[in-house]
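So the chains spell out like this:
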Amino acid sequence: MLKIGGQKVPTPLIFLVATDCVLIATGILLATIVRFAVTDYQSIFSYLLSWETVFRFLLAILICVVALYFNDLYDFCLMRTRNEILVRLFQAFGVACLALALSYYIAPDLGFGRGIAALAAPVILTLTLGWRLLRLKQGHSLGASERILIMGTGPAGISIARFIVTRPELQLKVVGFLDEKGENIGKSLVNPGIVGGVADLESIVGAEKINHVVISLLERRGRMPVRELLHLKFAGVRVEDAHSFYERMTGRITLEHLSPSWLILSDGFRKSAFLTWSKRATDVAISLVAFMLCLPVFAGVAIAVWLESGSPILFRQERTGLRGRCFQMLKFRSMYNDAEKAGPQWAADGDRRITGVGAWIRKFRFDELPQIINVLRGEMSIIGPRPERPEFVSMLEEHIPYYGLRHSVRPGITGWAQVKYQYGASIEETKTKLEYDLFYIKHLSIMLDLVVLFETAKVMLSGRGAK
């Protein structure tokens, strides 16, 4: 399976994207054949084999796939009903048509011509709709599922089983658990339950045709069947620790029973000089371009904030940054001036301290735009863990293990935790966000930053929160 920034990309997702590319190309090809008339093969081949036509095909496919992505048509969790698929497909291809029309207006030579475009649009919509309805009927299945056996009854293994049950598109099937002592065979933990003891590992793997063993023992000392696991690994069965498996599947590093040794010995968490330099150079370049492009938005938001609740327009707040150093973070003010007269408080959904304009600019993340200045100063990055207030940092470091590790990189305007989770308004929610932040720090790369940027753009354009 493909990995992006260390996270597993499901094979069905890759197959769906590839199929969409083929269906879009097929729709354009059929429209071209009809437009040129079926009997005129020489003209068709001459047209299709030119570099200009190949580039036109690639441009149309790229814009259509991006439109499908931004309308969540590659998110299996959202594609549950026919109506949802139909509405989102119309939205996606409507946006794609507008984007292509703008491209053809700017560069007329890129266009297929009105005849081909008019014929291709309904064909592509029909093909992609039919394909998705077929996938929905099949439950997003694609071939045989990978069969997983969880060795042990630890909480990490139970969390893995629950996660897999809710994500059928991953093509994974938990066959069952192995009890450490073999005393609770038949007991239901999630679904299925305990199918044997650790001592029965090899026989159950053979009988159930297991592809993957995930280790989630409550106590490993004296209970790890090392010889049996070596036999299975050399026989081609994948053997993996529960923490590593959960990280790869969910994009977060669970803190439940996480040991310092796992963090020390785990791959990742490496920040080369070249990566640090390239990330900083990318931050500066993007910030300069974004600042120029967003000047009209800056002006509009500033006027709206001032008209509703007066000055100050910008809100300065001390935050903890790289290596624990404090700095003044800038935001458009989204709360009333006396919002913290009772002392520092976490922001939460439905917060009464938020103004009308504040609720709107928070929804589209416009309140964060002034932090471009913090990025140019070197206090922040475009992508990274969100900086927290020093008052909360001290408290969170006492209650949440490894919280201080998030200060090993520059804080960001947006981040992996922001696009994958909601606002953290409690210690438990902040703990979950830290799990995403640790995953980001471990797999820090330009590719992962690009993924976060695309997801952030999706959030801003749709006005919705994180998944």
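Structure: above.
Residues numbered from 1 in each chain as written. Predicted model: local features only at pLDDT ≥ 70, side-chain atom pairs only at ≥ 80, totals over all residues. Heavy atoms only, no water.

**Here we look at the pattern of salt bridges**
Line of reasoning, step 1. In the structure shown here, the tally under the stated rule is 16 salt bridges.
Line of reasoning, step 2. Note that Arg238 is salt-bridged to Glu240, the shortest N-O span being 3.9 Å.
Line of reasoning, step 3. Judged by its relative accessible area of 11%, Glu240 is buried.
Line of reasoning, step 4. Asp437 is the salt-bridge partner of Arg406, the closest N and O atoms lying 3.0 Å from each other. Residue Arg406 is located in the loop between helix H15 (390-399) and strand S11 (412-414), and its partner Asp437 is located in helix H17 (residues 427-442); the two are separated by 31 residues in the primary sequence. For the pair Arg406 and Asp437, one class covers both residues: buried.
Line of reasoning, step 5. The structure contains a network of salt bridges with shared partners spanning Asp72, Arg88, Glu455 and Lys458. (Salt bridge = Lys/Arg side-chain N within 4 Å of Asp/Glu carboxyl O. Buried < 20%, exposed > 50% of the residue type's maximum accessible area, 1.4 Å probe, protein only. Helix = DSSP H or I, 4+ residues; strand = E, 2+ residues; numbered from the N terminus.)

**Points about the sheet that holds strand S5 (residues 194-197)**
Line of reasoning, step 1. The parallel open sheet is built from 5 strands, whose spatial order is S5-S4-S3-S6-S7. Across the chains shown, the open sheet's two edge strands, defined by having one partner strand only, are S5 and strand S7 (238-241). Recorded for the sheet is a direction-independent mean angle of 30° between the axes of neighbouring strands.
Line of reasoning, step 2. Sheet topology note: the strand S3 (residues 146-151)/strand S6 (residues 212-215) ladder contains 4 bridges and is parallel. Of the residues in S6, the one forming a bridge with Met151 is Ile215.
Line of reasoning, step 3. Relative to the sheet, helix H8 (residues 226-234) contacts S3, S6 and S7, its axis offset from that of S6 by approximately 145°.
Line of reasoning, step 4. In this fold helix H9 (residues 242-250) packs onto S3, strand S4 (172-179), S6 and S7, with an angle of close to 90° to the strand it touches most, S7. (Pairing = 2+ DSSP bridges. Axes fitted to C-alpha atoms, helices over the stretch in contact; angles between N-to-C directions. Contact = heavy atoms within 4.5 Å.)

Honestly, it's all geometry; don't read function into it.
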